[in-house]
Amino acid sequence: MRAFGYTVARSPAEAVRIAAATSGATFVAGGTDLLNLMRDGAEVHDHLVDVNALGIGGVDFESGRLRVGAAARMREVAEHPRVRREFPVLSEALLASASPQVRNMAAIGGNLLQRTRCGYFRDPGSACNKRVPGSGCPAITGHNRGHAILGGSEHCIAAQPSDLAVALTALDATVHLLGPAGERAVPIADFYLLPGSTPIRETAMRPGELITRVDVPRTAAAARSRYLKLRDRATFEFAVVSVAAALRTRGRRVEDVRLAFGGVGTRPWRDVRVEEALRGRRLTGRTVAEAGRVLVRDARPREGNGFKVELVRRALESVLDDLGGVR
Ligand code: SF4
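Residues numbered from 1 in each chain as written. Predicted model: local features only at pLDDT ≥ 70, side-chain atom pairs only at ≥ 80, totals over all residues. Heavy atoms only, no water.

## Digging into the sheet that holds strand β10 (residues 241–250)
At step 1: Across the sheet, three strands lie side by side as β9-β10-β11; this open sheet has antiparallel pairing. Only two strands of the sheet have a single partner each, and these edge strands are β9 (225–230) and β11 (253–262). Here the strands of the sheet are splayed against their neighbours by 15° on average, with no regard to which way each runs.
At step 2: In this structure, β10 lies alongside β11, joined through nine bridges in antiparallel fashion. Opposite Leu 247, over in β11, you have Val 257 as the bridge partner.
At step 3: Strands in contact with helix α9 (residues 163–170) are β9, β10 and β11; relative to β11, the strand with the most contacts, it is inclined by about 155°. (Pairing = 2+ DSSP bridges. Helix = DSSP H or I, 4+ residues; strand = E, 2+ residues; numbered from the N terminus. Axes fitted to C-alpha atoms, helices over the stretch in contact; angles between N-to-C directions. Contact = heavy atoms within 4.5 Å.)

Written out as structure tokens, the structure is:
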């Protein structure tokens, strides 16, 4: 592993200032993904700015919203009694992620910025447009079982790996940032970018910006929510397909529904047309099947991942049945 410098910052403003003034700097909290990437040579950073002493951790409840600090640990958020009660999908998504050891260490901000698990990306000996623009995308004709069927381009089909990001997308969270130009807030729907012709750009973050917190609105649907994750083994594994669902019904009629999908999209996948196919309707096998058809209408499966088309439809049906009882 290449040597790098290391500074512990004492305030968010100081962290941003140090990063802006230090060539090749990036922020680190838990480091559970970043240090692996640096060790493997998939990312190169000359300096790490430690953000654990900035006072941007913790979980707070304010009127109408949950506020999660970027340096809060996954375990702390997942096990918070009010998160479990009022935002079960968040708790479940976090508990379905990684291992207990990683959840003790990994921070919320880093979780949102973790890089794709595409094997070509993580192997510096392979071509990869996301790592080296213009070098090609071997996954398109190569090993693509874990790759996206929605939102891909001819330049990249890597799936976004964060379960938490999928849950936050279903709940309309907002990501708060601090950078050299000041503070700003980005709705999570605009935070993750499609790869298009520039897969190297994954988020709307500008150079030198730091995630400081994530706000999540409290809603009746959030309190009745679930995260279903289908994976190749029961722990420490990324989603083949996942569904975050929040539902409010009156009798059997859907009043509000929020859905986001993992493992199938190049970003946490939300398609409001799927929700519109359910809103105002009775939760029946027929309406859920129609919503599933809408979901995969634009899917572009590759040789190794065509099974995800049917699997994600069945996962949607299963999670809605669990939440509301599909008849
Ligand atoms: Fe790289 Fe994306 Fe292609 Fe994977 S899918 S090899 S990350 S360009």
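## Regarding the site of the ligand
At step 1: In the region of the ligand, 14 residues are neighbours, and Cys 118, Cys 128, Cys 137, His 155 and Cys 156 sit closest.
At step 2: Its residues assigned to classes, the shell around the ligand shows 10 nonpolar, three polar and one charged. (Near = heavy atom within 4 Å. Nonpolar A, V, L, I, M, F, W, Y, C, P; charged D, E, K, R; others polar.)

## What to know about the sheet that holds strand β1 (residues 5–8)
At step 1: Taken together, three strands build an open sheet; the order of strands is β1-β3-β2 and the sheet is parallel. One side of each edge strand has no neighbouring strand; the edge strands of this open sheet are β1 and β2 (25–28). Across the sheet, the mean angle separating the axes of adjacent strands is 25° when strand polarity is ignored.
At step 2: Along the sheet face, helix α1 (residues 12–21) touches β1, β2 and β3 (47–50) and points at about 150° away from the line of β2.

## Describing the pairing of β9
At step 1: A one-sided burial pattern is seen for β9, the buried positions being Ser 225, Tyr 227 and Lys 229 and the unburied ones Arg 226, Leu 228 and Leu 230.
At step 2: Taken together, the six bridges between β9 and β10 define a ladder with antiparallel strand orientation. Residue pairing across strands places Leu 230 opposite Val 241, the latter belonging to β10. (Buried < 20%, exposed > 50% of the residue type's maximum accessible area, 1.4 Å probe, protein only.)

## Regarding the environment of Arg 117
At step 1: By the element assignment, Arg 117 lies in the loop between α7 (108–113) and α8 (119–122).
At step 2: Judged by its relative accessible area of 31%, Arg 117 falls in the partly exposed class.
At step 3: When the C-alpha positions of Arg 117 and Thr 266 are compared, they lie 12 Å apart, and in sequence the two are 149 residues distant.
At step 4: One polar contact links Arg 117 to Gln 114, side chain to side chain, over a distance of 3.1 Å.
At step 5: Among the polar contacts made by the side chain of Arg 117, one reaches the main-chain carbonyl oxygen of Arg 115 at a distance of 3.0 Å. (Polar contact = N/O pair within 3.5 Å; in protein donor to acceptor, adjacent residues only side chain to side chain.)

## Brief notes about the packing of helix α5 (residues 88–95) against α9
At step 1: It is at 8 Å that the axes of α5 and α9 come closest, and there the two elements cross at 165°. Taken together, α5 and α9 sit at an angle that is classed as roughly antiparallel. Every pair of crossing elements has a handedness; the one defined by α5 and α9 is right-handed. On α9, the residues that touch Val 89, Leu 90, Ala 93 and Leu 94 of α5 are Asp 163, Leu 164, Ala 167 and Leu 168.
At step 2: By residue class, the composition of the contact of α5 with α9 is seven nonpolar, no polar and one charged. (Parallel < 35°, antiparallel > 145°, perpendicular 65-115°, else oblique. Left-handed = near helix turned anticlockwise from the far one by under 90°.)

## Here we look at the pairing of β3
Each regular strand displays side chains that alternate between the two surfaces of the sheet.
At step 1: Where burial is concerned, the two faces of β3 agree: the one with His 47 and Val 49 and the one with Leu 48 and Asp 50 are both buried.
At step 2: Strand direction decides the pairing type here: β1 and β3, joined by four bridges, are parallel. Counted as the bridge partner of Thr 7 is Val 49 from β3.
At step 3: Where β2 lies against β3, four bridges are found, and the strand directions are parallel. Bridge pairing links Ala 25 to His 47 in β3.
At step 4: In terms of handedness, the path from β2 via helix α2 (residues 34–40) over to β3 forms a crossover that is right-handed. (Right-handed = clockwise from strand over helix to strand, strands pointing away.)

## Here we look at the nonpolar core
At step 1: Ranked by size, the top nonpolar core spans 56 residues in total, and within it Leu 66, Phe 87, Leu 90, Ile 108, Leu 168, Phe 191 and Val 216 carry the most contacts.
At step 2: For this core, the element with the most residues is α9, which contributes six residues.
At step 3: Setting aside its immediate chain neighbours within four residues, Ile 108 contacts Val 68, Gly 69, Ala 70, Ala 72, Met 74, Val 77, Leu 94, Leu 164 and Val 214.
At step 4: Formed by 30 residues, the second largest nonpolar core is a distinct cluster that contains Leu 150, Leu 259, Ala 277 and Ala 315. (Core = buried A, V, L, I, M, F, W, Y, C linked by side-chain atoms within 4.5 Å.)

## Focus: the environment of Met 105
At step 1: By secondary structure assignment, the location of Met 105 is in helix α6 (residues 100–105).
At step 2: For Met 105 and Arg 75, which are 30 residues apart along the polypeptide, the C-alpha to C-alpha distance reads 8.2 Å.
At step 3: Excluding its chain neighbours within four sequence positions, the residues that come into contact with Met 105 are Gly 30, Thr 32 and Arg 73.

## Re the side chain of Arg 122
At step 1: Counting through the fold element by element, Arg 122 comes out in helix α8.
At step 2: Side chain to side chain, Arg 122 and Asp 33 meet in a polar contact 2.9 Å long.
At step 3: Of note is the side chain of Arg 122, whose polar atom sits 3.1 Å from the backbone oxygen of Arg 115.

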